[in-house]
Amino acid sequence: MTRTYTPKAGEITRGWVVIDATDVVLGRLASHAAAILRGKNKATFTPHMDTGDFVIIVNADKVVLTGSKAEKKLAYRHSGYPGGLKAVSYTELLEKNPARAVEKAIRGMLPKTSLGRDQFRKLKVYTGPEHPHAAQQPTPYTLDQVAQ
């Protein structure tokens, strides 16, 4: 009888991946980054364990949205108090804090559990081309589809 392989905590190896978000569609960037954070690109993927890699996203200010989503799509946040719902368009959000727009898209594609929160902590987003993680020797990750 064959058994399903489940990696032990000591057997999990985590690498570092850097993604350049220049002229990449936000949703496509988020889905690739979420898959890497979860570890779905590895043969040792296990749904109940954190087997993913660290993801560094640079040039988050150059990410694009297709169609008229930049003007019509709204990003919501809530203060936790009654009537504390705030909405801002993605045009304004990308001007003020583009890293938050990328983080919000990726967080929405991760599990809404403590496992998803642990996976989200492995995401590092920077607006410019520089990042302080050169010592980890990240490997570049290229996306095939870019914005038209």
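Refer to the structure above for everything that follows.
Residues numbered from 1 in each chain as written. Predicted model: local features only at pLDDT ≥ 70, side-chain atom pairs only at ≥ 80, totals over all residues. Heavy atoms only, no water.

Participant: Just to check I follow, could you spell out the pairing of strand β2 (residues 54-58) for this structure?
Facilitator: The two faces of the sheet receive side chains in turn, since in a regular strand these alternate between them. Among the five residues that make up β2, four are buried, leaving the element largely enclosed by the rest of the structure. Note that strand β1 (residues 16-20) and β2 share five bridges and pair parallel. Its bridge partner lying in β2, Val17 is registered against Val55. Handedness of the crossover joining β1 and β2 through helix α1 (residues 26-38) is recorded here as right-handed. Of the strand pairs in this sheet, β2 and strand β5 (residues 123-125) are connected by three bridges, and their pairing is parallel. If you follow Ile57 over to β5, its bridge partner there is Val125. (Buried < 20%, exposed > 50% of the residue type's maximum accessible area, 1.4 Å probe, protein only. Helix = DSSP H or I, 4+ residues; strand = E, 2+ residues; numbered from the N terminus. Pairing = 2+ DSSP bridges. Right-handed = clockwise from strand over helix to strand, strands pointing away.)

Participant: Would you take a moment to explain the side chain of Gln119 for this structure?
Facilitator: Residue position: Gln119 is located in helix α5 (residues 114-120). When its relative accessible area of 1% is taken as the criterion, Gln119 is described as buried. Gln119 has contacts with Leu37, Arg38, Met49, Asp50, Leu110 and Pro111, leaving out every residue within four places of it along the chain. (Contact = heavy atoms within 4.5 Å.)

Participant: Hey, could you run me through the packing of aromatic side chains in this one?
Facilitator: Each aromatic ring pair is specified by the distance between its two centres and by the angle formed by the two planes. Tallied over the entire structure, the rule returns one aromatic pair. Judged by centre distance (4.3 Å) and plane angle (5°), the rings of Trp16 and Phe54 are stacked. Linking Trp16 in strand β1 with Phe54 in strand β2, this pair joins segments that are 38 residues apart in sequence. For Trp16, a relative accessible area of 17% gives the class buried. (Phe/Tyr/Trp six-rings, centres within 6.5 Å; stacked < 30°, edge-to-face > 60°.)

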